[in-house]
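Okay, here's what each chain looks like letter by letter:
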Amino acid sequence: MTTPSHTMDADTIIELLNLEQHPEGGYFRETYRSPHRFASSTTDAGFPAGRSYSTAIYFLLKGDQHSAFHRIRSDEIWHYHLGSAATIHIIHPDSLYEALYLGSDLENGQQLQHVVPAGSWFGVTVNHPESFSLSSCTVSPGFHFNDFEMADPYRLKNAFPEHKEIIEKLS
């Protein structure tokens, strides 16, 4: 007998999807890496030749977890799947703070997908602490850990003192 997905708990999903811990918090597994690669360096953004066109992962946060502030050098598209809605907290390079609501309650401002622009600092929280949030993330050009930077909370607060409260929450 199959259990409906809405009754599964986070640990069951982690096991069924073979997720592992992510350095920023939560759990993930890469599900796709394009076999197609850039033949020459993409000099505008400094990506080396051989970089995959695109990558995708599953990403799960338990309700008591958060994704700590980090940034990558590519655009990242978040896709909502199951569980609680989540809030993507973005600090753009020009210091604008933006909260994007990822979830299925479209009538109340949530969206099924959102884009985090390349180079923006961001972290994620689960809106209902007793739940979890399962999403996917698509990155283009493809993700590589060389492009991943965890925020130093001290430096981030000095660069964006007006966002001290959310930086402390997600550090």
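Look up: the structure comes first, before these words.
The shown structure was predicted, so the numbers you read here are calculated from the model rather than taken from an experiment. Chains are numbered independently. Their residues run from 1 in the order of the written sequence. With the structure being a predicted model, the display of local features is reserved for residues of pLDDT at least 70 and the display and counting of side-chain atom pairs for 80 or more, all residues being used for whole-chain, interface and lining totals. Just so you know, side-chain values use all the structure's heavy atoms and leave hydrogens and water out.

A. The side chain of threonine 87, seen in detail. Each helix is a run of DSSP H or I of at least 4 residues and each strand a run of E of at least 2, with the numbering of both proceeding from the N terminus. Here threonine 87 shows up in strand 6 (residues 86-91). Residues adjacent in sequence count toward polar contacts only when both atoms are side-chain atoms; beyond that, a polar contact is any pair of N or O atoms within 3.5 Å, and within protein one must be able to donate a hydrogen and the other to accept it. At a separation of 2.8 Å, a polar atom in the side chain of threonine 87 contacts the side chain of asparagine 127.

B. Fine view of the packing of aromatic side chains. Two aromatic rings, drawn from Phe, Tyr or Trp (for Trp, its six-membered ring), form a pair once their centres lie within 6.5 Å of each other, and the interplanar angle then sorts them: stacked below 30 degrees, edge-to-face above 60, tilted otherwise. As enumerated under the stated definition, the model contains 6 aromatic pairs in all. Their ring planes at 85 degrees and their centres at 4.9 Å tell us that phenylalanine 143 and phenylalanine 145 sit as a pair that is edge-to-face. Accessibility here uses a 1.4 Å probe with only protein chains present; expressed as a share of the type maximum, an area under 20% marks a residue as buried, one over 50% as exposed, and anything in between as partly exposed. Residue phenylalanine 143 is classed as buried on the basis of its relative accessible area, which comes to 16%. Aromatic side chains phenylalanine 143 and phenylalanine 148 sit 6.3 Å apart centroid to centroid with 75 degrees between the ring planes, which places their arrangement in the edge-to-face category. In this structure phenylalanine 148 comes out as buried when scored by relative accessible area, which is 14%. By the ring-pair criterion, three or more aromatic residues cluster together here, those being Phe59, Trp78 and Phe122.

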